[in-house]
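Structural overview for review
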Amino acid sequence: MNKANKLRELLATNKLTKIVGAHNGVSAKLVERAGFDGVWASGLEISASYGIPDASLISMNQFLEAARSMNEVIDIPIVADCDTGYGNALNVMYMVKRYEEAGIAGVSIEEKKFPKDNSLLAGGRQELLRVEEFEGKIEAAKAAQKNSDFMIIARIEALIAGWGQEEAQMRAHRYAEAGADAILIHSKSSDPGEVLEFINNWDLDLPLVLVPTNYPSLTEKDIVEMGKVKLVIYANHGLRAAIKAMENIFAKIKNDGGIYDLDGLIDPVSHVFELQGVPEMKEHERKFLK
Ligand code: SPV
Ligand code: MG
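Residues numbered from 1 in each chain as written. Chains lettered and ligands numbered in written order. Predicted model: local features only at pLDDT ≥ 70, side-chain atom pairs only at ≥ 80, totals over all residues. Heavy atoms only, no water.

Thoughts on the sheet that holds strand β4 (residues 106–110)
Heads up, the condition is: Any two strands between which DSSP finds at least two bridges are classified as paired. Strands are runs of DSSP state E lasting at least 2 residues, helices are runs of H or I lasting at least 4, and numbering of each runs from the N terminus. Note on method: axes are straight lines fitted to C-alpha atoms, helices fitted across the in-contact stretch only, with angles between N-to-C directions ranging 0 to 180 degrees. Any pair of residues with heavy atoms lying within 4.5 Å of one another is described as a contacting pair.
Strand order around the closed barrel formed by eight strands is β1-β2-β3-β4-β5-β6-β7-β8, with parallel pairing between neighbours. The mean angle between the axes of side-by-side strands here comes to 25 degrees, regardless of whether they run parallel or antiparallel. Against the sheet, helix α1 (residues 3–12) makes contact with β1 (17–22), β3 (78–81), β5 (151–156) and β8 (229–234), and its axis sits at roughly 60 degrees relative to β5, the strand it touches most. Along the sheet, helix α6 (residues 131–144) makes contact with β4 and β5, crossing β5 at roughly 165 degrees.

Below, the structure written as C-alpha cells:
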C-alpha cells in the first residue's frame, strides 16, 4: 500500500487523524516514534530551518526536497504544506506531479496570492485570490494527480484575512465543488469560537482539517465530539521545542564556560546514531562488506 492509500485509510476510520509538523529527516522520525499518524511538511518549519521568513522566499524544489528527505526515512504518510502552489494553476499541476512522484500522500494549497505571508503573522499580508482563480487551481491539482487516493486539501484563508464566516463558507463550498478532498479551515483567533462557528455551519460530507496553533484550548476530545473534523495538524511544536532547548543549552555553555555540566540536559551521541539508523547500517556492513 502506498502512503496516499494509507492516509485515505486513516481518514476513513472514525478516529481523529493527528499529524505533526517537521522539516527534516530527524524531526520526521521523532514525530513517527511519538506515535502520530503522519507528518505535516510545514512551510513555516522548512522556511525557519533556512533562517528566513515563511513568505514564499524559497523555491518549490527546496520545499519538495525537504518533504522527500522526510518521506524517505519514515513509514507514516506526509501531508505537504504547499502554500499557494508556488504560482498559478499551471505551477500547481507541476507541483502535484512532483510531490506525487516523491511519494507524498497529499498536499494542502491555500487560497492566498503568491507570494504569501505566514497566516499567523501579526500584520501579515493576507491577500486572497479571486474564488474562480483558486477553483481553477483545485481543478488543476485534481487533473494532475495520478493516484486517485492522493489528497488535495483546499485551505480557506478567508477568516485569516478577516473576510468573515459567510465568505469562508461560500469559498469552502466552491472549492468542494471544484473537487477538493478536504477543507482546511484556518484561524488565527485565540478563541476557538470562530472555527467552531464554521464547523457548526458546515453542511457537506467533505472532511474538515484544523490547525489549532492559535487556539490551543480546543482539545482532541472537543474536536471529536463535533464530528466533521477528520484531521488535526500540530503544525510547529517540534520546531518551537527545539528552538527553546537550543537557546537554553547554548546560553548555559556560554555561561558555564564549558560543556562539563550538561548531563541529563542533552541526549547522548549514541541516541543520535540510533536515530540516524546506524544499527541498520552496521547490519548491512556485516552482510555486504566482503
Ligand atoms: C505551516 O506550518 O507552515 C502552516 C500553518 O501553514 S501556519 O503557520 O499556521 O500558517
Ligand atoms: Mg504554511
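Focus on the pairing of β8
Convention followed: Categorising residues by exposure relies on relative accessible area from a 1.4 Å probe, with only protein chains included: less than 20% of the type maximum marks a residue as buried, more than 50% marks it as exposed, and the intermediate range marks it as partly exposed. By definition, the crossover connecting two strands over a helix is right-handed if that path, from the first strand to the second, turns clockwise as seen with the strands pointing away from the viewer.
Within β8, six of the six residues are buried, which leaves the element mostly enclosed by the surrounding structure. As paired elements, β1 and β8 share four bridges and run parallel to each other. Residue pairing for β8: V20 is matched across the bridge by Y234. Bridge count between strand β7 (residues 208–210) and β8: three bridges; the pairing is parallel. Of the residues in β8, the one forming a bridge with L210 is V232. Taken together, β7, helix α9 (residues 220–226) and β8 form a β-α-β motif whose crossover is right-handed.

Some details on the pattern of salt bridges
Definition in use: One side-chain nitrogen of Lys or Arg within 4 Å of one carboxyl oxygen of Asp or Glu is enough to make a salt bridge.
This model, assessed by the stated rule, comprises 23 salt bridges. With a shortest N-O distance of 3.5 Å, R174 and E132 are connected by a salt bridge. Residue R174 is found in helix α7 (residues 164–177), and its partner E132 is found in helix α6; the two are separated by 42 residues along the sequence. Of the residues examined, E132 reaches a relative accessible area of 44% and is grouped as partly exposed. Among the ionic pairs, R155 bridges to E157, the shortest N-O distance being 2.7 Å. Overall, E157 belongs to the buried group, its relative accessible area being 0%. Within this structure, R130, E132, E133, E135 and R174 form a network of salt bridges that share partners.

Examining the pairing of β5
For β5, a buried count of six out of six residues is recorded, marking the element as mostly surrounded by other parts of the structure. Judged from the five bridges that link them, β4 and β5 form a sheet pairing that is parallel. Counterpart to G106 in the pairing with β5 is M151. Regarding topology, α6 serves as the crossover connection from β4 to the parallel β5, and that connection is right-handed. Pairing analysis gives four bridges linking β5 to strand β6 (residues 182–185), with the strands arranged parallel.

Structural notes on the site of ligand 1
The line we're drawing: Nearness is defined per residue: one heavy atom within 4 Å of the molecule or strand is enough. Whenever a nitrogen or oxygen atom comes within 3.5 Å of another N or O atom, the pair is scored as a polar contact, on the condition that within protein one atom can donate a hydrogen and the other can accept it, and that pairs from neighbouring residues in sequence are kept only if both atoms are in side chains. Residue exposure ignores everything except the shown protein chains as possible cover, and the areas themselves are Shrake-Rupley values with a 1.4 Å probe. In this analysis, the protein atoms alone were mapped onto a 1 Å grid. Cavities are point sets where a 1.4 Å probe fits without being able to get out; pockets are open sets with protein on both sides within 12 Å along at least five of seven lines; lining residues have an atom within 4 Å of a point. Occupancy of a cavity or pocket is assigned to a molecule whenever over half of its atoms lie within 2 Å of that pocket's grid points. Put simply, Ala, Val, Leu, Ile, Met, Phe, Trp, Tyr, Cys and Pro go in the nonpolar bin, Asp, Glu, Lys and Arg in the charged bin, and everything else, Gly too, in the polar bin.
The environment of ligand 1 is formed by W40, S42, G43, L44, D81, N118, S119, L120, R155, H186 and A235. S42 has a polar side-chain atom sitting 2.7 Å from an oxygen atom of ligand 1. One of the backbone N or O atoms of L44 is found 2.7 Å from an oxygen atom in ligand 1. Coverage of ligand 1 by the protein amounts to 100% of the 280 Å² it exposes when considered alone. Cavity membership is defined here by more than half of the atoms lying within 2 Å of grid points; on that basis ligand 1 lies in the largest cavity. For the shell around ligand 1, the per-class residue count stands at four nonpolar, five polar and two charged.

Here we look at the layout of surface pockets
This is how it is decided: Grid points are joined across faces, edges and corners, and a volume is the space filled by probe spheres set on the points. Bear in mind that the domain bounds are from an automatic or database domain assignment.
Its boundaries defined by the atoms lining it, the largest pocket holds a volume of some 680 Å³. If you go around the largest pocket, you meet 25 residues; those closest to its centre are V26, L30, A242, A245 and D267. Element by element, the count of residues in the lining of the largest pocket is highest for helix α10 (residues 237–256), at nine residues. Partitioned by chemical class, the residues of the lining of the largest pocket number 16 nonpolar, eight polar and one charged. Two domains each donate at least three residues to the lining of the largest pocket, and these are domain 1 (3–236) and domain 2 (243–288).

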